[in-house]
Amino acid sequence: MNIYYDYPLPLCLSSGMVQQVIRDYAALAKLGHKVFLYGYVVDEPKAHDVQEYLRGSGIHLYASTSKYVARTRFLARMLTDFSRKVVVSRSPNKVAQLLLGRWLLPRTRILMEWHEDPFPHLSDKGKGSVEQRHKRFAALLRRLDGLVLTNASQEIILKREFADLPPYAILPNGVDKTQFSRAQRSDVDSEQFVLT
């Protein structure tokens, strides 16, 4: 299956999120899926770094210092692919745009990948009241083909906040537990932090 990942933030290897996305989708490429990654980079050296990091991963990169150029190439590739495919984005706005153009994407499943800011209705971002944003977000969730959760705690929040959820999967914990096998509990009050 062809998987198109629409990454809305700058692709920068100093970001743990970018590295995790690359590892997750490189694993899918190794399973035989064809993975296409869209993103933009802030300068040519960073573009070169990302290309080098992806070498041998099986991921086809559509990135440029120009958002317009990279996005146009990515969309052209996706729109001319008439096979079964999955399109994934972590941005509610990008997902909403994809859902509006669903008729242009036959045989396509549209998924949203959850990260650290998945609940825009709970923050001060966006237009309208918290209740209005919650309703819009609930409507978006109902139209999705599925969700990819990046940790188990997101499932708890989703179930608490929304009654009608699309199918979802929780990515396995990517932490190498052997590296932390001898870790000692600190004297820090556990109420002061959350580990997911």
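Thresholds applied
- Residues numbered from 1 in each chain as written.
- Predicted model: local features only at pLDDT ≥ 70, side-chain atom pairs only at ≥ 80, totals over all residues.
- Heavy atoms only, no water.
- Helix = DSSP H or I, 4+ residues; strand = E, 2+ residues; numbered from the N terminus.
- Buried < 20%, exposed > 50% of the residue type's maximum accessible area, 1.4 Å probe, protein only.
- Contact = heavy atoms within 4.5 Å.
- Areas by Shrake-Rupley, 256 points an atom, 1.4 Å probe, with all protein chains shown as cover.
- Expected span 1.5 Å × (residues − 1).
- Arc of directions from axis to C-beta.
- Pairing = 2+ DSSP bridges.
- Right-handed = clockwise from strand over helix to strand, strands pointing away.

Undergrad: Lay out the overall build of the chain with the relevant residues and their values.
TA: Summing up its helical and strand segments, the chain has six helices and seven strands in all. The secondary structure elements of the chain, listed N-terminal to C-terminal, are β-α-β-α-β-α-β-α-β-α-β-α-β. Here the chain, with 196 residues, has 37% of them falling under the buried criterion. For the chain, the share of sequence-separated contacts (at least 6 apart) that also reach a separation of at least 24 residues comes to 60%. Accessible area for the chain stands at about 11900 Å²; split by element, carbon and sulfur atoms hold 55% of it.

Undergrad: Give a description of helix H5 (residues 130–143) that names residues and reports values.
TA: Compared with the 20 Å implied by 1.5 Å per residue over 14 residues, the 20 Å span of H5 between its first and last C-alpha is a close match. Burial in H5 covers these residues: Arg 133, Phe 137, Ala 138, Leu 140 and Leu 141. Taken down its axis, H5 places every buried residue within 160° of arc, on the same side. Seen from the buried face of H5, the exposed residues on the opposite side, beyond 90 degrees, are Glu 131 and Lys 135. Tucked inside the fold, the buried residues of H5 contact helix H4 (92–100), strand E5 (108–113), strand E6 (146–149) and helix H6 (152–161).

Undergrad: Pulling in residues and values, what's your account of the pairing of strand E2 (residues 34–40)?
TA: By the criterion of burial, E2 is predominantly enclosed, with six of the seven residues buried. Taken together, the six bridges between strand E1 (residues 2–10) and E2 define a ladder with parallel strand orientation. What sits directly across from Ile 3, in E2, is Val 35. Crossover E1 to E2 through helix H1 (residues 16–30) is right-handed. Of the pairings in the sheet, the one linking E2 to strand E3 (residues 59–64) comprises six bridges and is parallel in character. Its bridge partner being in E3, Phe 36 is matched across the sheet by His 60. Note that the unit made of E2, helix H2 (residues 44–54) and E3 has a crossover that is right-handed.

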